[in-house]
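Chains, contacts and geometry: an overview
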Amino acid sequence: MPRKIKTTIVAALCCTVLGAGAAGCDGDAMENWDPLAPATRTADAAPISGTTEIDVAGRSVNVSCSGAPEKGRPVIILMHGGGDGLDKLAALQQKLSKQNRVCSYDRLGAGASDQPDGPQNFASTGKVLTGVLDRIAADSPVVLAGHSLGGLIAARYAPDHQDRVKGLVLMDATPPTMLADISKSIPESAKGPAAEVRTQNLAIFKGENPEKLVITDGKVRSAGNIPVEVIQHGKPYLAAVPEYGQRLEQAWTAGQRKWLALSSRSKLSTATNSGHYIYVDQPDAAVQAIERVTAQVARQAHGA
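Below you will find a few notes about this structure. (Residues numbered from 1 in each chain as written. Predicted model: local features only at pLDDT ≥ 70, side-chain atom pairs only at ≥ 80, totals over all residues. Heavy atoms only, no water.)

**Regarding helix H7 (residues 192–205)**
The terminal C-alpha atoms of H7 lie 20 Å apart, and with 14 residues this matches the ideal 20 Å at 1.5 Å per residue to within 8%. Just beyond H7, the residue with positive phi is Gly-207, at close to 110°. (Helix = DSSP H or I, 4+ residues; strand = E, 2+ residues; numbered from the N terminus. Expected span 1.5 Å × (residues − 1).)

Set out below in structure tokens:
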């Protein structure tokens, strides 16, 4: 298998499942921090314009915001995939910010944000996201739009934060049972490139990734009756894995359907001309989905 294709597959599969069962935490400050404390929401702080670093429980987090804030209108939060950073989302953010307030951020261990002290899990990653939202969204409703691992984090976060997350867009998000899917799709007896993909993924699931995320599968929980758009890739790039690629594609497709359980207002579509990076390969599909969800949230916020 050509190295470029294998790298793409590993990037898509690796670092792409986040569960809530990991034992690690991100230092004493993060462990003792109460992300639900009302005082942390900085509604009176000046809106961020451009890229800057903010403090979240003693950690430096790199954020970028653009577009004019509008009272009562949702703030779109773009969430990058594993191994990426907010810079990868710059073009998408620029397009969306013409009519919306849009922000993105580097998770700990990614981009220009601080490194985590130790293993992270969904709880610690969620605390950082809460701290980011407190600063850049305050009391405004939020639409989370995540790619790959970022989509998984958004989908895991939303059910526990229905007070502020009012819409979701998942762009080829990592399926909720990807660890089991890979283990079943590529057996331990596999050889060659397929075995390498399996081994790399299992290592990353144990936390051998830049964000030090310890990865487990998890059940899809309801995020309430919020608008959710799930976009899956149309070009079967996973099929490039010798012998087992078709199984991986089928598992990924099934995983996208599982995300529909997030809400009774969930919708699944396919970006027919796109590989894993939908917002790069077929940006209009991503922009239109995010703007549709944002418009629905705005109408609901205004009582329409």
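**Points about the state of the cysteines**
Enumeration over the complete set of coordinates arrives at one disulfide. At a sulfur-sulfur separation of 2.1 Å, the disulfide partner of Cys-65 is Cys-103. Disulfide Cys-65-Cys-103: the torsion about the S-S bond is 115°, which places it as right-handed. In this pair, Cys-65 is assigned in strand E2 (residues 59–66) and Cys-103 in strand E4 (residues 101–105), connecting sequence segments 38 residues apart. Summarising the burial analysis for this pair, Cys-65 and Cys-103 share the class buried. (Disulfide = S-S within 2.5 Å. Buried < 20%, exposed > 50% of the residue type's maximum accessible area, 1.4 Å probe, protein only.)

**Re the pattern of salt bridges**
In a structure, side chains of opposite charge can pair up when their charged atoms sit close to one another. What the rule picks out here adds up to five salt bridges. The residue Arg-221 makes a salt bridge to Asp-160 at a minimum N-O spacing of 3.0 Å. Of the two residues, Arg-221 sits in the loop between H7 and strand E7 (228–233) while Asp-160 sits in the loop between helix H5 (149–157) and strand E6 (165–171), which places them 61 residues apart along the sequence. Classification of Arg-221 as partly exposed rests on a relative accessible area of 37%. Classification of Asp-160 as partly exposed rests on a relative accessible area of 47%. (Salt bridge = Lys/Arg side-chain N within 4 Å of Asp/Glu carboxyl O.)

**Structural notes on the environment of Ser-124**
Mapped onto the elements of the fold, Ser-124 is located in helix H4 (residues 122–136). On the basis of relative accessible area, Ser-124 is assigned to the buried category, the value being 4%. Expressed as a C-alpha distance, the spacing of Ser-124 and Leu-213, which sit 89 residues apart in the sequence, is 9.6 Å.

**Some words on the side chain of His-233**
Within the fold, His-233 resides in strand E7. Side-chain polar atoms of His-233 contact the side chain of Asp-172, separated by 2.9 Å. Aside from chain neighbours lying at most four places away, what touches His-233 is Asp-172, Leu-238, Glu-249, Trp-252, Thr-270, Ala-271, Ser-274, Gly-275, His-276 and Ile-278. (Polar contact = N/O pair within 3.5 Å; in protein donor to acceptor, adjacent residues only side chain to side chain. Contact = heavy atoms within 4.5 Å.)

**Thoughts on H4**
Helix length check: H4 (15 residues) gives 21 Å between terminal C-alpha atoms against 21 Å at 1.5 Å per residue, within 8%. Across the 15 residues that make up H4, a large majority, 13, are buried. Structurally, the start of H4 carries an N-cap: the backbone nitrogen of Ala-123 is 3.1 Å from a side-chain oxygen of Asn-121. Immediately beyond the C-terminal end of H4, within one or two residues, lies Ala-138, with a positive phi of roughly 50°.

**Points about the sheet that holds E2**
On the basis of which strands lie adjacent, the open sheet formed by eight strands has the order E1-E2-E4-E3-E5-E6-E7-E8 and mixed pairing. Of all strands in the sheet, those with a lone pairing partner are strand E1 (50–56) and strand E8 (266–271), marking the two edges. The sheet shows a mean angle of 25° between the axes of neighbouring strands, direction not considered. In the sheet, E6 pairs with E7 via four bridges, with the strands oriented parallel. Note on E7: the bridge partner recorded for Leu-168 is Val-228. (Pairing = 2+ DSSP bridges. Axes fitted to C-alpha atoms, helices over the stretch in contact; angles between N-to-C directions.)

All quantities given are derived from atomic positions and should not be read as evidence of function.
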